[in-house]
Amino acid sequence: MEGVGEEEMEGVDHLAHERNKSEFDVDAMKIVWAGSPHAFDVSDRISKLVASDPGFRKDNRSTLSRKELFKNTLRKAAYAWKTIVDLRLSEEEAAKLRFYVDEPAFTDLHWGMFIPAIKGQGTEEQQQKWLPLAYKMQIIGCYAQTELGHGSNVQGLETTATFDSQTDEFIIHSPTLTSSKWWPGGLGKVATHAIAYARLIVGGREHGVHGFIVQLRSLEDHSPLLGITVGDIGMKFGNGAYNTMDNGVLQFDHVRIPRNQMLMRVSQVTCEGKYKQSDVPRQLVYGTMVYVRQTIVADASCALSRAVCIATRYSAVRRQFGSQNGGPETQVIDYKTQQSRLFPLLASAYAFRFIGEWLKWLYADVTQRLQANDFSTLPEAHACTAGLKSLTTTATADGIEECRKLCGGHGYLCSSGLPELFAVYVPACTYEGDNTVLLLQVARFLMKTVSQLGSRLSSKKPVGTIAYMTRVEHLMQCRCGVQRGFAELSADLVEAAVAHCQLIVVSKFIEKLQQEIPGKGVKQQLEVLCNIYALFLLHKHQGDFLSTGCITPKHAALANDELRSLYSQVRPNAIALVDAFNYTDHYLGSILGCYDGNVYPKLYEAAWKDPLNESVVPDGYHLYIRPLLKQEIRTARL
Ligand SMILES: CCCCCCCCCCCCCCCC(=O)SCCNC(=O)CCNC(=O)[C@H](O)C(C)(C)COP(=O)(O)OP(=O)(O)OC[C@H]1O[C@@H](n2cnc3c(N)ncnc32)[C@H](O)[C@@H]1OP(=O)(O)O
Ligand SMILES: Cc1cc2nc3c(=O)[nH]c(=O)nc-3n(C[C@H](O)[C@H](O)[C@H](O)COP(=O)(O)OP(=O)(O)OC[C@H]3O[C@@H](n4cnc5c(N)ncnc54)[C@H](O)[C@@H]3O)c2cc1C
């Protein structure tokens, strides 16, 4: 193209000068981010496999209609499965491949909820029957719990499962319009089976909500079975986004299933019609939700790091104002306001990565204990998964939107990747538990803990978190001290719950730094990010910290000074810190975040690909615009 300056040539790394400033071993940081050398190898290999295969292209999504978009998603899911089978990928590699395909689809719920529900709540016999079918995708499952009238309140679900001892069957029925299953992903057009949650009725007595395996569609021609009415619930937020997923509506009209299709690990119904609750907490029926909540925390670090990678690279490319004697304008990443908005999000991405690792360990530990009928850590596991899911998804959704704003006007283009990332991510604040409802669970756990342990919530925290711990105790004491009910104080208690979760994130980041972390300068960089995360929150909530008396206004001012100094330490390493996420341009799906920083030519080229530019004179000109211009106003044909 004429007049293309050196700075706009393809194949040149326009961020090389930034990468040369790095003060640490980026390859070593890539392994810290991935979790291990093995995890890095799998991630690196599979992300490049997906990026190099035209079958997984995603740059055309915003131009497809809902039906074309959905059919394309089915094609990709089938293509992904064929790739997995042909290449004999392991379960770990297959999960990574679905992750890097980066398209919400029925497979998320098949692998992410339907299979874990059978593993967690099915008997050995039920697992042996259903898991092989599910692993081979000879059946496709969904998790049908939420109804039109109830989502948060699981005990309020209305679908019924009535035992018929004459035929040794359950009759699954939707007694009201509001009992229609509503939202389950994959349900609308694809799933052949569901784990359906319903109120168990045996001999006229109700026994609460239980899970049942129900076939929805014929495995011959995919038509809904007798008594099953099923469909999609319609367009959702954003254009492409989550509309690749067939969230569905489902009504049962007296559908009969064999007794052995009630998930019976937690409780059983005998053929004589006797209900037996094994001596495990009834909340184990919620186990799948706990499992998904801990994966959602890991997913938050992925989503936030994607947005931060885009905004950081673009902030280094973008120059605005500040030219001296005709020299280059200032990189916006050098403005202190840009740093004070962007670098806490960079620190949060790393913080959420490590808390996700810890939560995965906590979940594995509680699962192991459950095998031995040790329920001692179940309440803490529930509180942690619920609270951290709430904290990380709220911060990530807000962080993605902030990254869009950090990119100015171009952040609002679909080609920036940020609007789509936000639209796909933001329901995470709602699904798997509305974030406020989950924080109320944490508040309830804290109230019980305070009443059992007195004021000390826990002394098991690293020294650096004393201020954070004192803040939680103070917030709880202020609320527990007064004689008003939980409901009356719930808004305040939710704040204490957030403070408690922030304490956990800070303390686990500090604990991570106490581990052996190889690589030149890697630990130092993580220490800077940990301090940014902790001091940013202290600055943001300084009212809480000052009211506890554990810091003075002078401390608060010093903390703010230290933050500015920390931002200056991050600045030369910012590009390297986002390179450490090791995202391909395909996965990022963003011109602003492209690895080589060659943004303007790519933006310009992308614009002309929009269908609107297929003609220089727009469709509709002759009918609507020309008459205006020629003042020949006539009744436009509708
Ligand atoms: C890199 C990775 C990529 C992977 C990619 C990730 C992305 C992944 C994409 C997914 C794509 C969308 C997936 C969405 C899928 C849905 O959205 S599925 C539907 C989700 N629905 C929900 O989460 C509903 C939320 N509601 C609930 O969980 C329950 O109604 C509530 C709020 C816990 C209340 O339950 P309840 O039975 O009324 O119990 P409640 O009276 O509050 O409490 C009774 C006792 O049980 C305890 N308890 C309650 N729940 C539990 C529990 N779960 N465990 C233990 N104890 C519990 C309470 O603490 C309480 O204890 P005490 O105080 O009595 O000691
Ligand atoms: C994209 C997406 C995918 C989903 N996928 C699935 C799926 O695969 N399977 C499935 O079963 N479900 C699924 N869901 C449903 C999801 O789990 C529910 O929407 C979620 O649990 C929230 O429940 P709700 O919709 O009833 O919200 P509500 O509880 O009705 O929330 C509405 C408002 O009421 C407030 N509120 C509710 N109860 C209280 C209380 N006790 N105290 C204070 N405030 C309260 C909430 O905080 C919120 O502000 C999905 C939802 C979405 C958006």
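Residues numbered from 1 in each chain as written. Chains lettered and ligands numbered in written order. Predicted model: local features only at pLDDT ≥ 70, side-chain atom pairs only at ≥ 80, totals over all residues. Heavy atoms only, no water.

The protein chain appears in an unreviewed UniProt entry as Acyl-coenzyme A oxidase from Rhododendron griersonianum. In its Cofactor (unreviewed entry) section, the UniProt record describing the protein chain reads: "FAD". (UniProt positions renumbered as here; feature names shortened; annotations may be inferred.)

A few points about the pattern of salt bridges
For the structure on display, the rule yields 34 salt bridges. Among the ionic pairs, K181 bridges to E147, the shortest N-O distance being 3.0 Å. Taken together, the residues span a long stretch of sequence, with K181 in strand β4 (residues 181–182) and E147 in the loop between β1 (141–144) and β2 (160–164) at a distance of 34 residues. We note that K181, like E147, is buried. (Salt bridge = Lys/Arg side-chain N within 4 Å of Asp/Glu carboxyl O. Helix = DSSP H or I, 4+ residues; strand = E, 2+ residues; numbered from the N terminus. Buried < 20%, exposed > 50% of the residue type's maximum accessible area, 1.4 Å probe, protein only.)

Observations concerning the nonpolar core
If you look at the biggest cluster of nonpolar residues, it comprises 126 residues, and the most contacted ones within it are L346, Y350, L388 and L526. The element that contributes the greatest number of residues to this core is helix α9 (residues 336–371), accounting for 16 residues. L109, W111, A117 and L131 belong to the second-largest nonpolar core, a separate cluster that totals 33 residues. (Core = buried A, V, L, I, M, F, W, Y, C linked by side-chain atoms within 4.5 Å.)

A short note on the site of ligand 1
Around ligand 1, the surrounding shell holds 27 residues, and the nearest of these are S152, Y286, R293, E432 and K448. Between ligand 1 and V154, the relevant distance is 3.3 Å, taken from an oxygen atom to a main-chain nitrogen or oxygen of the residue. Within the complex, the protein chains bury 77% of what would otherwise be the 1400 Å² of accessible surface of ligand 1. Secondary structure elements with two or more residues in the shell around ligand 1: α6 (106–121), α8 (287–317), α10 (378–406) and α12 (435–453). Examining the composition of the shell around ligand 1, we find that five residues originate from one element, α8, more than from any other. Residue composition of the shell around ligand 1, by class: 11 nonpolar, 10 polar and six charged. (Near = heavy atom within 4 Å. Polar contact = N/O pair within 3.5 Å; in protein donor to acceptor, adjacent residues only side chain to side chain. Areas by Shrake-Rupley, 256 points an atom, 1.4 Å probe, with all protein chains shown as cover. Nonpolar A, V, L, I, M, F, W, Y, C, P; charged D, E, K, R; others polar.)

With respect to the packing of aromatic side chains
In this structure the tally under the stated criterion is 23 aromatic pairs. Geometrically, the ring pair formed by F99 and Y587 is tilted, given 5.3 Å between the ring centres and 35° between the ring planes. One end of the pair, F99, is in helix α5 (residues 91–101); the other, Y587, is in helix α19 (residues 585–588), and 488 residues separate them in sequence. Under the relative-accessibility criterion, F99 is labelled partly exposed at 22%. Y587 gets classed as buried once you look at its relative accessible area, which sits at 2%. Measuring from centroid to centroid gives 6.4 Å for Y350 and F354, while their planes differ by 55°, and the two rings are tilted. Here the residue Y350 and the residue F354 both occupy positions in helix α9, the gap between them amounting to four residues, near one helical turn. An identical accessibility class is assigned to Y350 and F354; each is buried. (Phe/Tyr/Trp six-rings, centres within 6.5 Å; stacked < 30°, edge-to-face > 60°.)

Digging into the site of ligand 2
For ligand 2, the set of nearby residues contains 20 residues, the closest of which are Y143, T146, S152, G185 and D434. Within the side chain of T146, one N or O atom sits 2.7 Å away from a nitrogen atom of ligand 2. Between ligand 2 and S152 there is a distance of 2.5 Å, counted from an oxygen atom to a side-chain nitrogen or oxygen. Surface burial for ligand 2 is 63%, taken as the share of its 970 Å² of free accessible area covered by protein chains. The greatest single-element share of the shell around ligand 2, amounting to three residues, is contributed by α12. Among the residues making up the shell around ligand 2, the classes are represented as nine nonpolar, nine polar and two charged.

Section: the packing of helix α2 (residues 26–34) against helix α3 (residues 37–51)
It is at 8 Å that the axes of α2 and α3 come closest, and there the two elements cross at 95°. As far as their axial angle goes, α3 and α2 are roughly perpendicular. Where α2 abuts α3, its residues K30, I31 and A34 lie against P37, A39 and F40. Split by residue class, the contact of α2 with α3 holds five nonpolar, no polar and one charged. (Axes fitted to C-alpha atoms, helices over the stretch in contact; angles between N-to-C directions. Parallel < 35°, antiparallel > 145°, perpendicular 65-115°, else oblique. Contact = heavy atoms within 4.5 Å.)

Focus on the state of the cysteines
Note on terminology: a disulfide is the covalent bond linking the sulfur atoms of two cysteines. A full pass over the atoms with the stated rule returns zero disulfides. Take C407: it sits in no disulfide, and the sulfur closest to it among the cysteines is that of C403, at 6.9 Å. C501 takes part in no disulfide bond, and the closest cysteine sulfur to it belongs to C384, at a distance of 7.3 Å. (Disulfide = S-S within 2.5 Å.)

Some words on the packing of helix α4 (residues 66–86) against α5
Angle between the axes and distance between the axes are the two parameters that describe a pair of packed helices. Two elements in contact, α4 and α5, have axes whose closest approach is 10 Å; the angle formed by their N-to-C orientations is 150°. On the basis of the axis angle, α4 is roughly antiparallel to α5. For the crossing formed where α4 meets α5, the hand is right-handed. Note on element contacts: α5 touches α4 through A94, L97, R98 and V101, opposite K76, A80, T83 and I84. Looking at the contact of α4 with α5 residue by residue, the class counts come to five nonpolar, one polar and two charged. (Left-handed = near helix turned anticlockwise from the far one by under 90°.)

Section: the sheet that holds strand β7 (residues 228–232)
Spatial ordering of the open sheet is given by β4-β8-β7, a layout of three strands whose pairing is antiparallel. In the strand order of this sheet, the two ends are held by β4 and β7, each with one partner. When β4 meets strand β8 (residues 248–252), the two strands line up antiparallel, connected through two bridges. Considered in β8, the bridge of K181 is made with L250. (Pairing = 2+ DSSP bridges.)

Things to note about the pairing of strand β6 (residues 205–215)
Burial of β6 is extensive: eight of the 11 residues sit out of reach of the surface. Of the pairings in the sheet, the one linking strand β5 (residues 193–202) to β6 comprises nine bridges and is antiparallel in character. Across the sheet, residue I195 finds its bridge partner in β6, namely I213. Between the antiparallel neighbours β5 and β6 lie two residues, among them G203 with a positive phi of about 60°.

Quick notes on the UniProt feature "binding site: FAD" (unreviewed entry) in the protein chain
Cross-referencing UniProt, the feature "binding site: FAD" (unreviewed entry) maps to T146 and G185 in the present numbering. These residues run over 40 residues, yet every pair of their C-alpha atoms falls within 10.5 Å of each other. Looking at the element boundaries, T146 is found in the loop between β1 and β2. Since its relative accessible area comes to 25%, T146 is described here as partly exposed. Looking at the secondary structure, you find G185 in the loop between β4 and β5. Here G185 is in contact with L109, C142, M245, D246 and N247, once residues within four sequence places are set aside.

A closer look at a nonpolar patch on the surface
Taken together, the side chains of Y624, I625, L628 and L629 make up a nonpolar region of the molecular surface, amounting to roughly 400 Å² of accessible area. Residue placement: I625 occurs in helix α21 (residues 621–629). (Patch = residues over 30% accessible without salt bridge, like charges linked within 9 Å, V, L, I, M, F, W, Y side chains within 5 Å.)

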